[in-house]
Amino acid sequence: MEPRRILVVEDEKDIRDLVCYHLDRAGFAADPLGRGDEVIGRVKTRRPELILLDLMLPGLDGRELCRLLRENPDTATIPIIMLTARGEEEDVIHGLDLGADDYVTKPFSPKLLLSRIRAVLRRVPAMISGEEEILRIRALTIDPGRHEVRVDGERVELTLTEFKILHLLAKRPGWVYSRYRIVDAVRGEDYPVTDRSVDVQIVGLRKKLGGSGKEIETVRGVGYRVRAL
Ligand code: CA
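Here the structure is a predicted model, which means the values were calculated and not measured.

Student: Account for the overall build of the protein, with residues named and values stated.
Tutor: Along the protein, the regular secondary structure elements total eight helices and twelve strands. Every one of the 229 residues in the protein was classed for burial, and the buried ones make up 49%. Sequence separation of 24 or more characterises 57% of the internal contacts of the protein that already satisfy a separation of 6 or more. Here the protein displays about 11,800 Å² of accessible surface, and carbon together with sulfur accounts for 51% of that area.

This is the structure:
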């Protein structure tokens, strides 16, 4: 089997070399790159299975790259993990809004980075599978076709907005969604959803889900996720 190619976009040579060394040792094929403006071309010629993307890069920064990669249907599904410096929380949130799948704060241990990479790669099939599939998260069942939610087999009545938020989060257990991204996904059906009202919706949702309410976790300073399977 071909080793899984990982594009490492990082302008600090020491970090880039270190990351590539550990990736190669772990059985991946690391593809190093030091400039942001060479990413799109590289992805076209040598498609990676995952991209490690530094935020501050010469040529084109990580945010802009994330947006460009997500906009293009050819590259929209390639998982992206952002590499950020401490104290760049705003950038992290922005990165997640732009479609990054996860982020790792520098300095990081190679072990942590590898475990994040493996976790993101494991989730990829779930991302590609159909929207209408019935989702099971422990005691919780979500049937998008019927717009039906059950906890331990008992039907739970949700509003359309609550259903959409739950469905969005449950499609990718373990993935963090910022409030902004939630708003963006469920916007404007029964009433205008705002940043703040997402919090209110989540409170209501947890209450209605009873014992399964704990499946929705708050990620401080970032947003919400459904507990990983
Ligand atoms: Ca940098």
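Student: Residue-level account of helix α6 (residues 160-171), with values.
Tutor: With twelve residues, α6 extends 16 Å between its outermost C-alpha atoms, agreeing within 8% with the 16 Å of an ideal straight helix rising 1.5 Å per residue. Three or more residues of α6 are buried, namely T161, E162, F163, I165, L166, H167, L168, L169 and A170.

Student: Give a description of the coordination of the calcium ion that names residues and reports values.
Tutor: On the protein side, the calcium ion has D11 (OD), D54 (OD) and M56 (O) as donor atoms, found 2.1 to 2.3 Å from it. Written as a sequence motif, the donor arrangement for the calcium ion is D-x42-D-x1-M. Assessed through its relative accessible area of 53%, M56 is described here as exposed.

Student: Provide a residue-level description of the packing of α6 against helix α8 (residues 195-209), including the pertinent values.
Tutor: The N-to-C vectors of α6 and α8 enclose an angle of 85°; their axes lie 10 Å apart at closest approach. By the angle class used here, α6 and α8 are roughly perpendicular. Residues T161, E162, I165, L166 and L169 of α6 touch α8, and the partners they reach there are Q201, I202, G204, L205, K208 and L209. A per-class count over the contact of α6 with α8 returns six nonpolar, three polar and two charged.

Student: Go over the pairing of strand β4 (residues 80-85), please, and point to the residues and values.
Tutor: Of all six residues making up β4, five are buried, and the element is well covered by its neighbours. Both strand β3 (residues 50-54) and β4 contribute to a ladder of four bridges, which runs parallel. Its bridge partner lying in β4, D54 is registered against L83.

Student: Can you lay out the nonpolar core for me, pointing to particular residues and giving the numbers?
Tutor: Generally speaking, a soluble globular protein has its nonpolar side chains buried in company with each other. Membership of the largest hydrophobic core comes to 26 residues, with the highest contact counts inside it found for V149, L166, L169 and I216. Elements supplying a minimum of two residues to this core: β6 (135-137), β7 (140-143), β8 (148-151), α6, α7 (179-186), α8 and β12 (223-226). Ranked by residues supplied to this core, first place goes to α6 with six residues. With sequence-adjacent residues up to four places away left out, L166 is seen in contact with L140, I142, V149, L158, L205, L209 and I216. Listed in part, the 19 residues of the second largest apolar core include I6, I81, V104 and F108.

Student: Mind laying out helix α3 (residues 62-71), listing which residues take part and the relevant values?
Tutor: Taken together, the buried positions of α3 are occupied by G62, R63, L65, C66, L69 and R70. Projected down its long axis, α3 shows its buried positions confined to an angular sector of 165°, all on one face. Backbone nitrogen of R63 and a side-chain oxygen of the N-cap are separated by 3.0 Å at the start of α3; the cap is D61.

Student: Kindly report on the sheet that holds β12, identifying the contributing residues and their values.
Tutor: If you trace the three strands from one edge of the open sheet to the other, you get β10-β12-β11, paired in antiparallel fashion. Of all strands in the sheet, those bounded by a partner on one side alone are β10 (177-178) and β11 (216-219). Bridge count between β11 and β12: four bridges; the pairing is antiparallel. Note on β12: the bridge partner recorded for I216 is V226. Of the strands in this sheet, β10, β11 and β12 touch α6, which is tilted by about 70° from β12.

Student: Residues and numbers for the side chain of E148, please.
Tutor: Note that E148 resides in strand β8. E148 sits in the buried class, given a relative accessible area of 13%. Within the local environment of E148, its side chain forms a polar contact with the side chain of R150, the two groups lying 3.2 Å apart. The residues touching E148, leaving out its near neighbours within four places in the chain, are T141, I142, D143, R155 and F163.

The rules behind each value
- Residues numbered from 1 in each chain as written.
- Predicted model: local features only at pLDDT ≥ 70, side-chain atom pairs only at ≥ 80, totals over all residues.
- Heavy atoms only, no water.
- Helix = DSSP H or I, 4+ residues; strand = E, 2+ residues; numbered from the N terminus.
- Buried < 20%, exposed > 50% of the residue type's maximum accessible area, 1.4 Å probe, protein only.
- Contact = heavy atoms within 4.5 Å.
- Areas by Shrake-Rupley, 256 points an atom, 1.4 Å probe, with all protein chains shown as cover.
- Expected span 1.5 Å × (residues − 1).
- Donors = N, O, S within 2.8 Å, 3.2 Å for Na, K, Ca; no water.
- Axes fitted to C-alpha atoms, helices over the stretch in contact; angles between N-to-C directions.
- Parallel < 35°, antiparallel > 145°, perpendicular 65-115°, else oblique.
- Nonpolar A, V, L, I, M, F, W, Y, C, P; charged D, E, K, R; others polar.
- Pairing = 2+ DSSP bridges.
- Core = buried A, V, L, I, M, F, W, Y, C linked by side-chain atoms within 4.5 Å.
- Arc of directions from axis to C-beta.
- Polar contact = N/O pair within 3.5 Å; in protein donor to acceptor, adjacent residues only side chain to side chain.

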